[in-house]
Amino acid sequence: MTRRTVNVAALMLVLASCAPDPAANASEPNATAPGTPPATATRGLDPTLIAAAVAKADALPRLRSLLILRDGTEEAAHRFHDGPALDRPVNIKSASKTVISALVGMAIDRDLLDGIDQPVAPLLKADLPANPDPRLSRITIGHLLSMQSGLERTSGQYYGAWVTSPNWVRYALSRPFVEEPGGVMLYSTGNSHLLSAILTRTTGRGTDMLAREWLGKPLGIQIPSWARDPQGIAFGGNDMLMSPRGLARFGELYRNDGRIDGRQILSETWIADSWRPRGVSPWSGNGYGFGWFASEAAGHRVHFAWGYGGQMLYIVPSLNLTVVMTSDSAPHPRAESHISELHALLADYIVLAARKGKGSTTPGGDGA
């Protein structure tokens, strides 16, 4: 059974630990996405397809919430299997990396950081190894954002040793190089944590405090404090807490090119830079930009944040869609198949429901 709430326009419907980027059945993205359909003139969501989507979602035992916004309007809001309230903060796992990326962009907008080409070694000088590999001086903020530092990963089988080390920043910087900086994408939470350390040391304030001031206040969402490393640096890249509705509000910021309620709080160029893939995940085949994965759904370009276990934020710009799905994040033998099912829910139901729209599909028609 589901517990569900919907807006007035949708009442008529009969409505469904940080780890390496797991495999998913998503097509490999193209940075320019040729052939992406133009933005549709339809409005709302097709009731029949959304009813089918909710029924499909309800059949997924690990899914806990589904939120669908079209043109900024909450068209469907559901929780499943006794999931928490949609305004209650939950662990968004590695979707935290996407939020860290936004904070880095805001620090650059405020001239607190020089830009994506700024070397990180001088910013983290106190924690560099005694005899550092010269390649450490070539790692930039952009390399950390795009998972192209070249350092051995701290995720997957390396995660336990890292988070039990006495100094997470120093441990991440001391990893041997397995690729050149700017080369192959190597998904590693250590990269994001280094960004959190840079934010803290540059501003003199905790990353959680920055998140509340720079994002929480203008978006009107709650961002509680979350886990810290032994030196007190907020975990950069995992265990951030945000409600499904808060995550949707964050997604709307990106869908609207950094504007919210008429106010520009993140530069439009940062959104574009974040969504442009720099590398491709060797596990999923998805492109990866600055904290955002990229793929396609039913022919439409999709940018998404991805947290372990199925904490998903999807943006489909051509359809003005923002979709949030949260899930039980406990380890599960079918974790990878659950992600594939979430991707399919988006592509096979939600995107098609937006393409068809509610009521008239004639350009310029009501359709609301």
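Structural data are supplied above this passage.
Just so you know, these numbers come straight off a predicted model, no measurement behind them.

Undergrad: Please explain the overall build of the chain as it appears in this structure.
TA: Helix and strand content of the chain: 10 helices and 13 strands. Counting across all 368 residues of the chain, residues that qualify as buried make up 57%. Surface summary for the chain: the accessible area is close to 14000 Å², and the carbon and sulfur share equals 52%.

Undergrad: How do you make sense of the nonpolar core when you look at a structure like this?
TA: Generally speaking, nonpolar side chains in soluble globular proteins are found buried as a group. Ranked by size, the top nonpolar core spans 65 residues in total, and within it Val104, Leu215, Met242, Phe250 and Tyr254 carry the most contacts. For this core, the element with the highest residue contribution is helix α2 (residues 96-109), accounting for eight residues. With 36 residues, the next largest nonpolar core counts Ile68, Met147, Leu345 and Ala347 among its residues.

Undergrad: Before we go on, may I ask you to explain the side chain of serine 155 in this structure?
TA: Here serine 155 shows up in the loop between α3 (141-145) and α4 (159-163). At 2.9 Å, the side chain of serine 155 and the backbone nitrogen of threonine 189 are in polar contact.

Undergrad: Quick question: what am I supposed to make of the packing of aromatic side chains here?
TA: Describing an aromatic ring pair means giving the distance of the ring centres and the angle of the ring planes. For the coordinates displayed, the defined rule picks out 16 aromatic pairs. Arranged with centres 4.9 Å apart and planes meeting at 45°, the rings of tyrosine 254 and tryptophan 292 form a pair that is tilted. One end of the pair, tyrosine 254, is in helix α8 (residues 244-255); the other, tryptophan 292, is in the loop between β9 (287-288) and β10 (293-297), with 38 residues separating them in the sequence. Ring centres 5.9 Å apart and planes at 35° place the aromatic pair phenylalanine 304 and tryptophan 306 in the tilted group. Of the two residues, phenylalanine 304 and tryptophan 306, both sit in the buried class. Pairwise contacts between aromatic rings join Tyr187, Tyr288, Phe293, Phe304, Trp306 and Tyr314 into one cluster. Arginine 110 extends its terminal NZ or CZ atom over the ring of tryptophan 214, reaching a point 4.4 Å from the ring centre. Just above the ring of tyrosine 171 sits the side chain of arginine 175; from NZ or CZ to the centre is 3.7 Å.

Undergrad: Any chance you could explain the environment of leucine 346 here in plain terms?
TA: Following the sequence through the fold, leucine 346 ends up in helix α10 (residues 335-356). With relative accessibility at 2%, the residue leucine 346 sits in the buried group. Measuring from C-alpha to C-alpha, the distance between leucine 346 and isoleucine 68 comes to 10.0 Å, with 278 residues separating the pair along the chain. Beyond its immediate chain neighbours, meaning those up to four positions away, leucine 346 contacts Ala297, Val302, Tyr314, Val323, Met325 and Val351.

Definitions and limits used
Residues numbered from 1 in each chain as written. Predicted model: local features only at pLDDT ≥ 70, side-chain atom pairs only at ≥ 80, totals over all residues. Heavy atoms only, no water. Helix = DSSP H or I, 4+ residues; strand = E, 2+ residues; numbered from the N terminus. Buried < 20%, exposed > 50% of the residue type's maximum accessible area, 1.4 Å probe, protein only. Areas by Shrake-Rupley, 256 points an atom, 1.4 Å probe, with all protein chains shown as cover. Core = buried A, V, L, I, M, F, W, Y, C linked by side-chain atoms within 4.5 Å. Polar contact = N/O pair within 3.5 Å; in protein donor to acceptor, adjacent residues only side chain to side chain. Phe/Tyr/Trp six-rings, centres within 6.5 Å; stacked < 30°, edge-to-face > 60°. Lys NZ or Arg CZ within 6 Å of the ring centre and 35° of its normal. Contact = heavy atoms within 4.5 Å.

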